[in-house]
Amino acid sequence: MSPRVAVVGAGMSRFVRRAQETGKELSWIATREALASCELKLDDVDAVCLTSAPDAFDGVHRKGDYLADGAGAWAKPYMRTYVGGGSGVFTAIQGWYTVASGLADVVVCVAEEKMSSCQPHPQGAFLTIFDNILERPLGPNLLWIFALEMQRYMQAYGLDKRDIAQVAVKNKRNAAEHPAALLGQADITVEDVLGSETLAWPVQRLDVSPISDGAVAIVMASEDAAKRLTDRPVWIQGVGWNLDTTYWTNRDLAYPEYVENAARMAYGMAGVNEPRKEIQVAEPYDPFDYKELHHLEGLLLFDRGKAPEAAADGVTARDGDLPCCPSGGLLGVGNPIAAAGLMKIAELFWQLRGEAGARQVPGTPERGVAQAWGDLMQVGTVVVMGNGGGPLATATQSPPFAPRATSLSDQEFRSATGAVEQRLDTRYEWDPGEAIGAVLDGLREQRILATTCISCGRTLVPARKFCERCFRPTDGWTEVPHTGTVETFSICHVTWDMRPLDEPQIPAVIRLDGTSEGGFLHLVGEVAPDDVRAGMQVEAVWKPAGERVGSILDIEYFRPLEPELRRELVAVAAVELPVEIAP
Amino acid sequence: MSPTKIPGELSVSFRYTPGVGNTAFFEGLRDRAVFLGSRCEDCGVTSVPARIFCERCLAELEPSLECGPEGELVSWTLVRVDVDDQPLERPVTYGLVRLDGADTVLLHRLLHTGGEPAIGERVRAVFTSPREGSMLDVEGFAPVADGAGP
Amino acid sequence: MEAMALRVGVAGIGWSGFSRTTEGTSYKELMFEAARSAYADAGVDPRSDIDSFVCCSEDIEEGTSIFDEYVPDQLGAVQRPVQTVASDGLFGVATAVMLIRSGVASAVAVESHSKASDVVSLGRVDRFAMDPVLNRPLGVSPTALAGLEMRRWLHVTGRSESECADVAARNRAHAATNRRASYADVHDPTPLFDPLTREQTAEPADGCVVLVLTTEERTPEGSVFIDGVGWSQDAPSVESRDWDRAAAAERAARAAYDRAGVEPGDVELAEVDDTFAYKQLQHLEALGLSDLAEDRVNPSGGALGEGHLREANGLARALACIEGLRSGDARVGLAQSWRGVPSTSAAVAVMRR
Ligand SMILES: [Zn+2]
């Protein structure tokens, strides 16, 4: 039995599109408010836990070191943990084990993101999260993977876009009561979402939570310290985290198994056997509207494919049977990535104390779950929190009470005194190693190579020298056919840095014939976008021998195997997104 | 054989706003050729450049205290290679300067012309003109003994 | 705070690389090799016996954002609890200790690696760690901070440049018998950032280290135990840090000694950060180990002799220390890391056999 750890305070900055404040200053705003909320001085803090998503947003290498002063870490034990988009919830897990280990009594957990620094558009940083050798040459953007996953989710369960869009509506309406929110909108409708610009089908602009700047902090304490500090500690009852394989194109994207694994770990620790009965409020991760539904299923709160129906019935509304994202979530409050995750923990803290004011869920909730997600649709982080059934406060005001941050217009941002522009000028010569080296040689010779594991009997594409399931070296090489099936696809209208494309791109996960779930990300061509279907048979179209250099681009694209489906791509009207509304 | 190494980069650029504290500091440099700092009375520490918070106690600070333009040389180095480890044609001297009234140091170029710098030596900021609001509004620090200054 | 030693066991150690380049081996393949040998050393199957995985890396060093996406498969960590600590490997050791002490894990794998040979411009990587508006516009190499700190430290302590040169020579002599050393033969007094010279600066190397840490109950008798950990940092700003001493290493050491219930005088073997030769002397002072016999300090040759494994340097020091304790050379050992310029972060582990 692990020692009991509680959350005793929380604070946050405003979430804004472009903050004048540095990441240090945003962190300070949140940390100071969190300490003030429980009347602590920095001297009372034993250790500081920090998280922040990629350095490529803030544009600072070793961002953890850089942010130390703003997080209140001067001369204290201090560490930055990191699990991509899952980081914000994870930093509460970091705070939990820092205290539960007995190495600290009182810790501050801080999550910061200043995405506006990244140019030409912060979404550009996401190009750098893809595989350096096999994916980045395709120019992927973040919308691709969400669109591919959303399409697979919709297709697997026969879902309607309307059922998904209502999540965005609910969360943006909820956020209208959040004083730190960037995107609260009390009068938004499903028609607004369904009518917004299509970015990468099925993803439309209002399905997405846009990039933002902001910071959140919480204070955590050991049982003794918590009882000394507050009458209403909110206990961390369970924590769970889980990372799935890097080879995301080998997975069925319809269901987030890693979220289920993390949830089972957290529920197990919390002694929650029937989450649907024992959880009264949830803050699932909602960077895109469908993700909330996907995650509610992974959290075992709804059957697979059934969350949209429940949402349509109002179950997840703030006054429903299982209020979800009463904060307004990322879709409503904003999405400074790591900060947005910790905002969910802060919201549960306020809800479970009865302090959420206008956002307070009805009844007397005793237990809540917060969850975040990240990486290549790969990581789940889950925290179960409870008030032990204590009495709730009745609050008239909605926290946070005075969230700060100075929002700059694009023009103010461009003309700010003392602003510095710099390109990330690091250069690399990546060693593909034995496995990918052989794959590249194969591509140059118009061959698609795979490795095999005799222990599990799988044929692995992309090839690797180790079988991740059996944890043993692979046994040999084999060549696989150049044909396969479209597992899932998207029709994308924007580039990686959110510029409109003249002609849509059709990224797809291609399952190659003769492999075991093997496949990779590539583009589909010679087809009308309306004719592309999941399950469509395709074949590789290769560059001529003299032009192949040993690259994933030696395959130009995949085209329908059925000649009747092949045609020239037709140019469609590009989407022009004003800078203020581009996600 | 395919290339044994795959060239790559991280294709992003940045535009950094200097933040609230540094904005006041840069405006001081640009408009008045002064170094603005902030003092935390609780900790007894004066920081230059100005900060909106004390890093030791997180108190909110005012960026209002003028320090320098003279100060003491805390350390110096002769930089002979660039960031890529290639020899510089002309080595450059950098120093750490504790401005009068400040407890912190500034990293900047030293403008010594004759003789080596010495730790503890008095130096004085040399400003550029016109100034734009940047660390480069300071050309560097010169020995007070040279009579450099306004 | 705890007065009892932490008693987290080192059940297994593994490594790969430790050479100037590892051409033809990807970072994933380097990690797989080190992990396999650590698990074999510990006699565990990661798919069933390891509860939690901790990797220590930084995105820009790797050239990939959200680099933690790329770690689980080659560590046997798929669909398991995996996290990245964006710091030096010894911070990962401290994390593993906390995970075990909290009761959430009884066996943890800690990994860190360097594929420095993939990075054309390590200096530019480090420069991106400097403050973007206050420091970077000057265009100066971040290693200039080491030149500034070295001169200040010599001035404050009265130590000499020749003592620093002796450290470099001694570490490289130690490295001559270390099969992991790539830089035993460097004699290059070229000044870089006066008074810092090339031979007093550790050069980068490739390699990976994996440790398997377990609860006391799960650790075989006679193993090495981590009894104390500490980590801290000074002000991150160039402007407000303490330029006279290694304040973070002092604080980290105090915490580690207290947790282990030992004093500096008990330490018989130390593997300390020697990214620059003067740092070894400065760190020994911070650790209270200035009087430790010369042959007991960095007998591996340190980073000056082995080559600097970047964020894995702390694990390289821990690895050498664990091997020394296992061989019976000492009963109480210490490993210490510093993250290099422009960082002020430092960590310490105190171990006992
Ligand atoms: Zn103060």
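Just above sits the structure.
Draft legend 1. Highlighting the overall build of chain C. Helix and strand counts for chain C stand at 11 helices and 11 strands. In terms of overall size, chain C behaves like a compact globule, its C-alpha atoms giving a radius of gyration of 19 Å where 353 residues would be expected to give roughly 20 Å. With the C-alpha coordinates aligned to their principal axes, the bounding extent of chain C is approximately 55 × 45 × 40 Å. Taken across its 353 residues, chain C has 73% of its residues classed as buried. Considering only intrachain contacts with a sequence separation of at least 6, the fraction spanning at least 24 residues in chain C is 78%. Surface exposure of chain C reaches about 9300 Å², of which carbon and sulfur atoms provide 45%. For chain C, the distance from the average position of its 34 positive side-chain charges to the average position of its 54 negative side-chain charges is 1 Å.

Draft legend 2. Region of interest: the coordination of the zinc ion. Summarising the metal site, the zinc ion is bound by the protein donors C40 of chain B (SG), C43 of chain B (SG), C54 of chain B (SG) and C57 of chain B (SG), whose distances to it range over 2.2 to 2.3 Å. Here the donor residues for the zinc ion map to a single chain with the spacing C-x2-C-x10-C-x2-C.

Draft legend 3. Structural context of the sheet that holds strand β25 (residues 537–542) of chain A. Residue and element names in this part refer to chain A. As summarised here, the arrangement of the five strands in space is β24-β23-β20-β25-β26, forming an open sheet in which the pairing is antiparallel. Looking at the sheet topology across the chains shown, the edges are occupied by β24 (519–523) and β26 (555–560). Averaged over all pairs of adjacent strands, the angle between their axes in this sheet comes to 45 degrees, without regard to strand direction.

Draft legend 4. How the structure looks around the pairing of strand β2 (residues 47–51) of chain A. Residue and element names in this part refer to chain A. In terms of burial, β2 is a largely internal element, five of the five residues being buried. With burial as the criterion, each face of β2 is covered, one bearing A47, C49 and T51 and the other bearing V48 and L50. Relative to strand β4 (residues 106–114), β2 runs parallel, the two being bridged by five bridges. Considered in β4, the bridge of A47 is made with V107. Direction of pairing for β2 relative to strand β3 (residues 78–82): parallel, over a ladder of four bridges.

Draft legend 5. Representation of the interface of chain A and chain B. Chain A puts 55 residues into the contact, and the matching count from chain B is 36 residues. Taken over both partners, the interface formed by chain A and chain B buries close to 4200 Å², and the fraction arising from carbon and sulfur atoms is 56%. Its largest share of buried area at the contact with chain B, chain A owes to W28, W74 and T417 of chain A, together 16% of the area lost on that side. Applying the counting rule to chain A against chain B returns five salt bridges. For the salt bridge of R32 of chain A with E60 of chain B, the shortest nitrogen-to-oxygen distance reads 3.8 Å. The set of elements that each furnish at least two residues to the side of chain A that touches chain B consists of α1 (23–37), α2 (55–58), β5 (118–119), α15 (410–415), β13 (420–423), β14 (427–430) and α16 (433–444) of chain A.

Draft legend 6. Representation of the sheet that holds β13 of chain A within the structure. Strands sit in the order β5(A)-β2(B)-β13(A) across an open sheet of three strands; the sheet is antiparallel. Looking at the sheet topology across the chains shown, the edges are occupied by β5 and β13 of chain A. Alignment of β5 of chain A against strand β2 (residues 13–16) of chain B, held across two bridges, turns out to be antiparallel. Within the sheet, the bridge partner assigned to Q119 of chain A lies in β2 of chain B and is S13 of chain B.

Draft legend 7. Region of interest: the packing of helix α5 (residues 142–157) of chain A against helix α11 (residues 289–298) of chain A. Residue and element names in this part refer to chain A. Close contact between α5 and α11 brings their axes to 10 Å; oriented N to C, the two are set at 60 degrees. With respect to α11, the axis of α5 lies oblique. Between α5 and α11 the crossing geometry is left-handed. For the pair α5 and α11, contact is made by F146, E149, M150, Y153 and Y157 and by D289, Y290, K291, L293, H294 and E297, respectively. In terms of residue class, the contact of α5 with α11 is built from six nonpolar, one polar and four charged.

Draft legend 8. Inspection of the packing of helix α4 (residues 87–100) of chain A against helix α4 (residues 89–102) of chain C at higher detail. Axis separation between α4 of chain A and α4 of chain C bottoms out at 8 Å; the angle between their running directions is 70 degrees. Considered as vectors, α4 of chain A and α4 of chain C are oriented roughly perpendicular to each other. Residues W96, Y97, T98 and A100 of chain A of α4 of chain A lie in contact with α4 of chain C, whose contacting residues are T95, M98, L99, R101 and S102 of chain C.

Draft legend 9. Spatial organisation of the packing of aromatic side chains. Taken as a whole and judged by the stated rule, the model has 27 aromatic pairs over all chains. Measuring from ring centre to ring centre gives 6.2 Å for Y285 of chain A and W373 of chain A, while their planes differ by 40 degrees; the resulting arrangement is tilted. In this pair, Y285 of chain A sits in the loop between β10 (281–283) and α11 while W373 of chain A sits in strand β11 (residues 367–374), placing the two residues 88 residues apart along the sequence. With a relative accessible area of 2%, Y285 of chain A lands in the buried category. Considering the side-chain rings of F25 of chain B and F35 of chain B, the 6.3 Å spacing of their centres and the 35 degrees angle between planes classify their relative orientation as tilted.

So, how was this worked out
- Residues numbered from 1 in each chain as written.
- Chains lettered and ligands numbered in written order.
- Predicted model: local features only at pLDDT ≥ 70, side-chain atom pairs only at ≥ 80, totals over all residues.
- Heavy atoms only, no water.
- Helix = DSSP H or I, 4+ residues; strand = E, 2+ residues; numbered from the N terminus.
- Rg over C-alpha atoms; globule rule 2.2 N^0.38 Å.
- Buried < 20%, exposed > 50% of the residue type's maximum accessible area, 1.4 Å probe, protein only.
- Contact = heavy atoms within 4.5 Å.
- Areas by Shrake-Rupley, 256 points an atom, 1.4 Å probe, with all protein chains shown as cover.
- Lys, Arg positive; Asp, Glu negative; His and termini not counted.
- Charge placed at Lys NZ, Arg CZ, Asp CG, Glu CD.
- Donors = N, O, S within 2.8 Å, 3.2 Å for Na, K, Ca; no water.
- Pairing = 2+ DSSP bridges.
- Axes fitted to C-alpha atoms, helices over the stretch in contact; angles between N-to-C directions.
- Buried area = accessible area lost by both parts, 1.4 Å probe.
- Salt bridge = Lys/Arg side-chain N within 4 Å of Asp/Glu carboxyl O.
- Parallel < 35°, antiparallel > 145°, perpendicular 65-115°, else oblique.
- Left-handed = near helix turned anticlockwise from the far one by under 90°.
- Nonpolar A, V, L, I, M, F, W, Y, C, P; charged D, E, K, R; others polar.
- Phe/Tyr/Trp six-rings, centres within 6.5 Å; stacked < 30°, edge-to-face > 60°.

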